[in-house]
Amino acid sequence: KNPIVGTWKGAYFSYPELVAVTLTVRSLPMDRIEGECELAPAIEPRLRNSGTVGSYQFTGTYTSWATEFSFKPEKYINPRTNTMKPMDGVLDLLGDRLVGQIGEMQAGQYIPVVLARQPAGDKLLEEMIASAYPPTGVVRGGVSPPAPTTGASTFRRSEEHTSESS
């Protein structure tokens, strides 16, 4: 069985949003693949009817000896959406992840993407959302920021730290 076959889920960041990606990949003869790709905002956009949205069919290749994949959009599944993105990268067999890049409209502009095989893809997307949009008052890493201080107290702490280390 071709190891890239299955459903994959993850995301990529394209300012100003995190875009959720769901790929369904099927194997064809001669290292070829086909499937569907669905793109949607990872969180509900603030403005109604905004954000990256797309669903399309794709065809491409998967080179098993190099674990490389590449695909290009073929046709829209939902003609009311206007986003189709090519993608290429590698299949990490140990981590069971697709790691690659999304091609943008501007020549030479690529955006990193990471996807995990379902059901692990749901957890990966959840972690990516938590990292990209931390709750108010929490900085990345899960540590709450210190209480605001004045410049004077910050200076005193610096002096104390300097005298302790001397």
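Everything numeric in this text was worked out from a predicted model, so none of it was measured.

Attention now goes to the overall build of the protein chain. Looking only at helices and strands, one finds two helices and eight strands in the protein chain. In the protein chain, the succession of helices and strands from N to C terminus is β-β-β-β-β-β-β-β-α-α. By residue count, 30% of the 166 residues in the protein chain fall in the buried class. Residue pairs in contact within the protein chain that sit at least 24 positions apart in sequence constitute 39% of those at least 6 positions apart. Accessible surface, the protein chain as shown: approximately 10,800 Å² in total, 56% of it carbon and sulfur.

A few words on the confidence of the model for the protein chain. When the pLDDT values of the protein chain are averaged, the result is 80; 74% of them are 70 or greater. Note on residues 144–166: pLDDT is under 50 here. Beyond four places in sequence and across chains, it has six contacts.

Let us now look at the pattern of salt bridges. Using the criterion set out here, one finds five salt bridges in the structure. Taking the shortest distance from any N to any O, the salt bridge between E36 and R26 comes out at 2.7 Å. With a gap of 10 residues between them, E36 in strand β3 (residues 32–41) and R26 in strand β2 (residues 17–27) connect regions that are remote in the sequence. E36 gets classed as partly exposed once you look at its relative accessible area, which sits at 22%. Residue class for R26 comes out partly exposed when judged on its relative accessible area of 31%. A salt bridge links K123 to E127; the nearest nitrogen and oxygen atoms lie 2.9 Å apart.

Take the sheet that holds β2 next. The antiparallel closed barrel is built from eight strands, whose spatial order is β1-β2-β3-β4-β5-β6-β7-β8. In this sheet, neighbouring strand axes are inclined to one another by 30° on average, regardless of whether the strands run parallel or antiparallel. As judged from the nine bridges shared by strand β1 (residues 6–14) and β2, these two strands associate in the antiparallel manner. When the sheet's bridge partners are listed, G10 is paired in β2 with V21. Most of the contacts of helix α1 (residues 120–132) go to β1, to which it runs at about 10°, and overall it touches β1, β2, β7 (97–103) and β8 (110–117).

The next subject is the packing of aromatic side chains. For the structure shown, the criterion picks out one aromatic pair. Judged by centre distance (3.9 Å) and plane angle (25°), the rings of F58 and F71 are stacked. Here the residue F58 occupies a position in strand β4 (residues 54–63), and F71 occupies one in strand β5 (residues 68–76), the gap between them amounting to 13 residues.

Turning next to the environment of E34. Tracing the backbone shows E34 in strand β3. E34 gets classed as partly exposed once you look at its relative accessible area, which sits at 27%. Separated by 38 residues in sequence, E34 and K72 have C-alpha atoms that sit 9.5 Å apart. Those residues in contact with E34 that sit more than four places away from it in its chain are T24, V25, R26, L28, F58 and T59.

Along the chain, S55 turns up in strand β4. Discounting chain neighbours no more than four positions away, the residues touching S55 are C37, E38, Y76, I77, N78, T81 and T83.

Okay, the nonpolar core next. V21, L23 and M87 are the most contacted members of the largest nonpolar core, which has 22 residues in total. Taken together, the elements giving at least two residues each to this core come down to β1, β2, β3, β4, β5, β6 (87–92), β7 and β8. Top element by residues in this core is β2. It accounts for four residues. Setting aside residues up to four positions removed in sequence, M87 forms contacts with V21, L23, F69, S70, F71, Q101, I102, V113 and L115. The next biggest cluster of nonpolar side chains, apart from the first, holds eight residues, and it includes A11, L18, L124 and L125.

Definitions and limits used
- Residues numbered from 1 in each chain as written.
- Predicted model: local features only at pLDDT ≥ 70, side-chain atom pairs only at ≥ 80, totals over all residues.
- Heavy atoms only, no water.
- Helix = DSSP H or I, 4+ residues; strand = E, 2+ residues; numbered from the N terminus.
- Buried < 20%, exposed > 50% of the residue type's maximum accessible area, 1.4 Å probe, protein only.
- Contact = heavy atoms within 4.5 Å.
- Areas by Shrake-Rupley, 256 points an atom, 1.4 Å probe, with all protein chains shown as cover.
- pLDDT = per-residue confidence, 0-100.
- Salt bridge = Lys/Arg side-chain N within 4 Å of Asp/Glu carboxyl O.
- Pairing = 2+ DSSP bridges.
- Axes fitted to C-alpha atoms, helices over the stretch in contact; angles between N-to-C directions.
- Phe/Tyr/Trp six-rings, centres within 6.5 Å; stacked < 30°, edge-to-face > 60°.
- Core = buried A, V, L, I, M, F, W, Y, C linked by side-chain atoms within 4.5 Å.

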